[in-house]
Amino acid sequence: MADDAIALDGFLDEETVPGDLHGETARFRLTVSPTDERTDEMILPCTVADPALAHAVIHDLVPGDKLRVTGYLRLPRTPDEPMWLVVTTLAVLETAPELSDPAAVATAVIERYGPYVCYFDADVPEVEVFTETGVRVGTAPEPNGIGELLEAFEHRQAAGGE
């Protein structure tokens, strides 16, 4: 069975979570990109069954860490079953950079609201809003005005017959 093990390098996608009530197992998602092409990127769910390794995964890893995982791929047997990697070994290749003051680094944020995308710039109160296809909806004078802007846009769309 050792011949069936695969090794993958990737980045920890988000916070790790315990897989059971006692923290003897762990779950996480690994972003794997074998090339520089975004279309080749995938997010692979991973599980850890070894209690010592699960403890390390839960308490020592942070999102953005670059990892090398070795394990066994569990393929779905039915259409409603997920695919995941059962991790047997894990090594941290690079730790995620620590941001001493996230506000000093992040000056703009893009957030999704259903079929809309909003661009928040920390330097100005206005919020630019677009559809997910890139059509400009308009500018809200402040974040609290996004709802009114979207309502007016949807009303214009309905009146236009779309």
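Values in this document were obtained by computation on a predicted structure and should not be read as measured data. (Residues numbered from 1 in each chain as written. Predicted model: local features only at pLDDT ≥ 70, side-chain atom pairs only at ≥ 80, totals over all residues. Heavy atoms only, no water.)

Draft legend 1. Looking closely at the overall build of the protein chain. On a plain count of helices and strands, the protein chain comes out with three helices and 10 strands. Along the chain direction, N to C, the helices and strands of the protein chain fall in the order β-β-β-β-α-β-β-α-β-β-β-β-α. Rg of the C-alpha trace for the protein chain: 21 Å, well past the compact-globule value of 15 Å for 162 residues, more than 25% over. Across the 162 residues in the protein chain, those meeting the buried criterion constitute 24%. If you sum the accessible surface of the protein chain, you get close to 11,000 Å²; carbon and sulfur atoms cover 54% of it. (Helix = DSSP H or I, 4+ residues; strand = E, 2+ residues; numbered from the N terminus. Rg over C-alpha atoms; globule rule 2.2 N^0.38 Å. Buried < 20%, exposed > 50% of the residue type's maximum accessible area, 1.4 Å probe, protein only. Areas by Shrake-Rupley, 256 points an atom, 1.4 Å probe, with all protein chains shown as cover.)

Draft legend 2. Geometry of the pairing of strand β9 (residues 127-131). Along β9, the buried face is formed by Val127, Val129 and Thr131; none of Glu128 and Phe130, which line the opposite face, is buried. Here strand β8 (residues 116-121) hands over to β9 after five residues, the two strands then running antiparallel side by side. In this structure, β9 lies alongside strand β10 (residues 136-140), joined through four bridges in antiparallel fashion. What sits directly across from Val127, in β10, is Ala140. What sits between the antiparallel neighbours β9 and β10 is a turn of four residues, in which Gly134 has the positive phi angle 100°. (Pairing = 2+ DSSP bridges.)

Draft legend 3. A look at helix α3 (residues 146-159). Taking 1.5 Å as the rise per residue, α3 with 14 residues should run 20 Å; its terminal C-alpha atoms sit 20 Å apart, in good agreement. If you check which residues of α3 are buried, you get Ile146, Leu149, Leu150 and Phe153. What you see down the axis of α3 is that its buried residues fit within an arc of 95°, all on one side. Opposite the buried face of α3, at more than 90 degrees from it, the exposed residues are Glu148, Glu151, His155, Ala158 and Ala159. Packed against the buried residues of α3 are β8, β9 and β10. (Expected span 1.5 Å × (residues − 1). Arc of directions from axis to C-beta. Contact = heavy atoms within 4.5 Å.)

Draft legend 4. Main features of the sheet that holds β10. Strand order in the open sheet formed by four strands is β7-β8-β9-β10, and the pairing between neighbours is antiparallel. Unpaired on one side and paired on the other, β7 (108-113) and β10 mark the two borders of the sheet. Within the sheet, the average angular offset between the axes of one strand and its neighbour, ignoring direction, is 20°. As judged from the five bridges shared by β8 and β9, these two strands associate in the antiparallel manner. Paired with Tyr116 across the two strands is Thr131, which belongs to β9. Together, β8, β9 and β10 form the strand contacts of α3, whose direction differs from that of β10 by roughly 150°. (Axes fitted to C-alpha atoms, helices over the stretch in contact; angles between N-to-C directions.)

Draft legend 5. Fine view of the nonpolar core. Ranked by size, the top nonpolar core spans 17 residues in total, and within it Phe28, Val48, Val69 and Val87 carry the most contacts. Where this core is concerned, the elements lending two or more residues are β1 (6-12), β3 (26-32), β4 (42-48), α1 (51-60), β5 (66-74) and β6 (84-94). Among the elements that line this core, the one with the most residues is β3, at four residues. Discounting chain neighbours no more than four positions away, the residues touching Val87 are Phe28, Cys46, Thr47, Val48, Leu53, Val69, Thr70 and Gly71. Judged by nonpolar contacts, the second largest core, of 11 residues, contains Phe120, Val127, Val137 and Phe153. (Core = buried A, V, L, I, M, F, W, Y, C linked by side-chain atoms within 4.5 Å.)

These figures come from the coordinates and say nothing about function on their own.
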